[in-house]
Amino acid sequence: MDMTINSDPSALIPEIALLLGAVTGLLLGAWTPRRRQWTIRVLAALACTVGLAATAVAATRPVDVVFGTYVLDTATHATRAIVLVATLLLLALCGDTVAGHRRETEFVVLVQLGALGSMLLGGAADLILLFAAFLLASVPLYALAGWAKQGTAPEAALKYYLAGALAGVTTVAGVTLLFGTAGATGYDAVADGIASGPGGAAAVGLIAVLVGLAFKAGAVPAHFWVPDVADGTPPAVAAVITTLPKIGALVATYRLLDTAVPADVVDWPLIVAILAAVSMTLGNLAAFAQTSVLRLLGYSTISQVGYLLMALAVAGRASLAQPALLFYLAAYAITNIAAFAVVAATGQRTLAGHRGLFHRDPPLAIALVVALLGLVGTPPTAVFLGKLVVFTATVDGGLVWLVALAVVNTVASLFYYLRWIAPAFGEPGPDHERPVTRARGWARGTALGAAALSLLLGLGGGVVLNTVG
């Protein structure tokens, strides 16, 4: 692929818009009365809108490499679009949680910085930029996990931070080993260096970097923080942490494996396939016995990463691998946000708390069904098409056994999702909770909108796949 070096900062308008939105919002928030801090959310939404417009324009241009380290190609443009759309939905979802809060500005700024880190991860073509983006996608979210400062949020934030510190050290050690092996940090030069260098050192370095990226994605073996953080934080915070980092981390992993590490030197397809199999199986098995809906969704995100890793396992061996990954990421982000938005709207954190939801709020119950059956992969939701394309790509890549395991896991996952859906359509008990009120209108609107968007993306998925393909 012919690439031209681009040193024009205007090529980074989506990233610059998010950065300016965060910095400007932080400065304005310090002087804005609490009752008017909603303007900072509006500023953030405007930054996302500008970024989306710039992404649409940039997507029509040839592939570029900005400053020699940041690739502007289909994967980067798709990452930008998915992150920005997800951020807009998350800003709407958090409306009920942060409105009037004395740290409302900080919440919005941290979300923008985390989104910026995820975008940079997706386009990084240099090991140094990869690690810098890893930190930017991590540190703001550590603070966000403890933002509420109540209940178990401090404990969740501490677990998240300690796991992230270990993952960060592991990542930088892996980057150092890869640099020592290849004598370079740019992905193309790393690939040449690894091909002529010691394969053992390259394998250890790659595994160390994969552990760090697995932490950001919430995949095995760095998955243990996910359910604790999901259950220990407000639903709006949990939605951010289980959605935004995954997007950039998985695209970054795909680019690193496909570009920088020759499969004939390090057998990374087998490594990633094993991680995919263990992640989807462990996530589903652990979700079966959960009564907390947030812990259930936490384990569900681990299993979803397992399905997404299937596309990475056949990177470079199946033409559908990259389009499948990007489409599934978009479908997952929207559907996952819809599920967390339902929890935020109801204010209930247990399966029993959602009993009789359909009798109290039929549209919200339908949004819950769309979100949960969407996560299973039921037509016509977007995740169904995403899974179908990922499975097809994996078969084309020769990993039929992994597809068979994924089908079994998909069928099994229906059980614990139905444990949530069935009570929602049952008769309310004598001690059922009060109905959803307008006090959580932002979360309710986000749930309905995200569920509708999941259906629209599923129905129009052919057009989207042709675009990213």
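Going by the annotation in an unreviewed UniProt entry, the name recorded for the chain is NADH-quinone oxidoreductase subunit N, with Pseudonocardia ammonioxydans given as the source organism. The UniProt entry for the chain carries this comment under Subunit (unreviewed entry): "NDH-1 is composed of 14 different subunits. Subunits NuoA, H, J, K, L, M, N constitute the membrane sector of the complex." According to UniProt, the comment filed for the chain under the heading Catalytic activity (unreviewed entry) is "a quinone + NADH + 5 H(+)(in) = a quinol + NAD(+) + 4 H(+)(out)".

What follows deals with empty space enclosed by the protein. As enumerated under the stated definition, the model contains one cavity of 30 Å³ or more in all. If you add up the space inside the largest cavity, you get close to 100 Å³. Lining the largest cavity we find L210, L213, A214, A217, A219, A249, L250, T253, V272, L275, L309 and L312. A total of four residues in the lining of the largest cavity trace back to one element, the largest contributor, which is helix α10 (residues 199-217). Each of domain 1 (1-266) and domain 2 (270-468) gives at least three residues to the lining of the largest cavity.

Taken domain by domain, the chain holds domain 1 (1-266) and domain 2 (270-468). Between domain 1 and domain 2, the C-alpha centre-to-centre distance is 22 Å. Contacts between the two partners involve 41 residues from domain 1 and, on the opposite side, 45 residues from domain 2. Taken together, the two surfaces of domain 1 and domain 2 that pack against each other cover about 3,600 Å², and 76% of this comes from carbon and sulfur. Considering only the surface of domain 1 that becomes buried against domain 2, D96, L250 and Y254 emerge as the three largest contributors, covering 18% of it. Seen at the junction of domain 1 and domain 2, the total is one salt bridge. The shortest N-O distance in the salt bridge between D228 and R295 comes to 3.0 Å. Inspection of the region where domain 1 meets domain 2 yields 12 residue pairs in polar contact (both at pLDDT 80 or more).

What counts and what doesn't
Residues numbered from 1 in each chain as written. Predicted model: local features only at pLDDT ≥ 70, side-chain atom pairs only at ≥ 80, totals over all residues. Heavy atoms only, no water. UniProt positions renumbered as here; feature names shortened; annotations may be inferred. 1 Å grid on protein atoms, 1.4 Å probe; cavity = no way out; pocket = protein on both sides within 12 Å on 5 of 7 lines; lining within 4 Å. Points joined across faces, edges and corners; volume = space filled by probe spheres on them. Helix = DSSP H or I, 4+ residues; strand = E, 2+ residues; numbered from the N terminus. Domains from an automatic or database assignment. Contact = heavy atoms within 4.5 Å. Buried area = accessible area lost by both parts, 1.4 Å probe. Salt bridge = Lys/Arg side-chain N within 4 Å of Asp/Glu carboxyl O. Polar contact = N/O pair within 3.5 Å; in protein donor to acceptor, adjacent residues only side chain to side chain.

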